[in-house]
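Reading the structure
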Amino acid sequence: MTARTTRRTTAARSRIAAAGAIAVAGALILTGCGDQTDSGTKAQEKTSDAPLFSKLPKKIQDAGVIKVGTDAAYAPMEYTEGGKIVGVDPDIAEALGKQLGVKFQFTSGTFDGLITSLETGRQDIAMSSITDNKRRQEGLDEKGAKIGKGVDFVDYFSSGVSLLVKKGNPDNIKSLDDLCGKTVAVQRGTIYEDTFKAQAEKCGDKKLTIEAFDTDAEAQTRVKAGGAVADMNDYPVAAHIAKTSGGGNDFEVGGQQTDVGLFGIAVAKENTQLRDALKEALDAIIKDGSYAKVLEKWDVKGSAVQSATVNAGQ
């Protein structure tokens with residue numbers, strides 16, 4: 001059940017007729033020039049010595065870039081530092097890029113709009129600690145109604161969830177059942193919001209009040225101010241926040257890590273070639289050790305997967 005919820009379709013576009021006509025005319029001119037025909041063709045084609053470059057869709061080969069939608073407010077997974085998006089996900093993407101021979105270009109946006117950015121073609125993939133589950137695979141809302149095409153996931157990270165509470169845990173929050181009758185804060189559109197909603201039903205008359213915010217930082221601020229007793233995050237994120245916020249004096253992790261699941265790189269359903277290239281690249285960096293080095297750098301070695309899978313989330 002882990003990870004953030006909504007937390008990108010790429011369709012190749014035909015060149016305009018005029019451009020096609022120019023290309024044809026250029027080819028005819030070069031036909032009478034011997035070896036210049038071959039050199040002219042090569043000049044127009046993008047190539048790479050990277051082992052998996054040929055596996056990518058031609059559109060991405062030509063662009064030299066995979067456009068990535070993310071919500072860069074989720075340290076240590078992805079966050080902004082010195083004007084640059086850094087973290088576990090960008091570092092894994094960089095390693096994937098060395099196998100694929102292209103750059104991963106991260107753009108930050110709101111988490112609940114990331115999957116939509118795939119459907120509109122604004123992004124090629126979404127990589128933002130997104131939990132792989134059947135609902136997202138099938139494009140369903142929390143009630144099971146069809147709201148989109150769904151996406152495929154290349155699963156690259158394993159993590160459980162944890163409650164983030166105020167330092168000292170003044171309300172003694174150690175489990176979801178301890179939240180009944182209280183107020184929680186959470187980032188809107190995440191799996192955590194779904195978890196709190198399910199718990200609210202379980203609490204019944206002992207009402208659990210849920211305050212949802214656009215960013216997790218806002219939810220944290222609410223907990224820090226005492227307006228809510230807990231936020232929820234993936235364990236690596238909750239532990240990082242507890243360790244770093246206010247020099248370690250703002251928060252702590254309440255209770256144990258639960259509900260271990262998979263994070264996936266989201267890809268539009270029709271973009272199977274890109275999906276399969278990413279899966280092969282992930283297996284390659286697991287094999288060559290560069291994946292393990294990234295996880296060690298960010299102190300999240302316990303979240304490693306042993307091999308790449310597709311849509312393995314439940």
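Preceding this paragraph is the structure being described.
Residue numbers here run from 1 along each chain, matching the order of that chain's written sequence. Per-residue local features of the predicted model are confined to residues with pLDDT of at least 70, and side-chain atom pairs are confined, for both listing and counting, to 80 or more; whole-chain, interface and lining totals are unaffected and use all residues. Only hydrogens and water are set aside; all other atoms, that is, all heavy atoms of the structure, feed into the side-chain values.

Brief notes about the side chain of Asp250
Of note, Asp250 is situated in the loop between helix H9 (235-244) and strand S11 (251-268). Buried residues are those whose accessible area, probed at 1.4 Å on protein chains only, stays under 20% of the maximum for their type, while exposed residues exceed 50% and partly exposed ones sit between those limits. Take Asp250: its relative accessible area is 13%, and that puts it in the buried class. In protein, a polar contact requires one atom able to donate a hydrogen and another able to accept it; more generally it is a pair of N or O atoms within 3.5 Å, and residues adjacent in sequence count only if both atoms are side-chain atoms. Of the polar contacts made by the side chain of Asp250, one reaches the side chain of Ser245; its length is 2.6 Å. Setting aside residues up to four positions removed in sequence, Asp250 forms contacts with Val165, Lys166, Lys167, Lys224 and Ser245. Secondary structure is summarised from DSSP: a helix means a run of H or I of at least four residues, a strand means a run of E of at least two, and numbering begins at the N terminus for each. A contact between two residues is defined here by any heavy atoms of the two lying within 4.5 Å.

Here's the deal with the nonpolar core
Among buried residues, the Ala, Val, Leu, Ile, Met, Phe, Trp, Tyr and Cys ones that are joined through side-chain atoms within 4.5 Å form a nonpolar core. In this structure, Ile66, Ile92, Leu100, Phe104 and Leu278 are the most contacted members of the largest nonpolar core, which totals 70 residues. A total of seven residues in this core trace back to one element, the largest contributor, which is strand S7 (residues 151-166). Among all residues touching Phe104, those that are not within four sequence positions of it are Ile66, Val68, Ala93, Leu96, Gly97, Ile125 and Leu278. Listed in part, the nine residues of the second largest apolar core include Leu118, Val151, Phe153 and Ala266.

Describing H9
Within the sequence span of H9, burial applies to Pro236, Val237, Ala238, Ile241 and Ala242. At the C-terminal side of H9, Gly246 shows a positive phi close to 60 degrees.

Re the packing of aromatic side chains
Between 30 and 60 degrees the pair is tilted, below 30 it is stacked and above 60 it is edge-to-face, where a pair is any two Phe, Tyr or Trp rings, Trp via its six-membered ring, whose centres lie within 6.5 Å. Scanning the entire structure with this criterion turns up three aromatic pairs. Judged by centre distance (6.3 Å) and plane angle (45 degrees), the ring pair of Tyr156 and Phe157 falls under tilted. Both residues of the pair, Tyr156 and Phe157, belong to the buried class. The interplanar angle of 20 degrees and the centroid separation of 5.2 Å between the aromatic rings of Phe157 and Phe263 together place this pair among those described as stacked. Residue Phe157 is found in strand S7, and its partner Phe263 is found in strand S11; the two are separated by 106 residues along the sequence.

Structural notes on the layout of surface pockets
Only protein atoms enter the 1 Å grid, on which a cavity is a set of points fitting a 1.4 Å probe that cannot get out and a pocket is an open set with protein on both sides within 12 Å along at least 5 of 7 lines, lining residues being those with an atom within 4 Å of a point. Grid points are joined across faces, edges and corners, and a volume is the space filled by probe spheres set on the points. Computed from the structure, the largest pocket encloses a volume of approximately 400 Å³. Looking at the lining of the largest pocket, the elements that each hand over two or more residues are strand S4 (84-86), helix H4 (88-100) and strand S5 (103-108). With six residues, the top contributor of residues to the lining of the largest pocket is H4. Its residues assigned to classes, the lining of the largest pocket shows eight nonpolar, two polar and six charged. Residues are grouped as follows: Ala, Val, Leu, Ile, Met, Phe, Trp, Tyr, Cys and Pro are nonpolar; Asp, Glu, Lys and Arg are charged; every other residue, Gly included, is polar.

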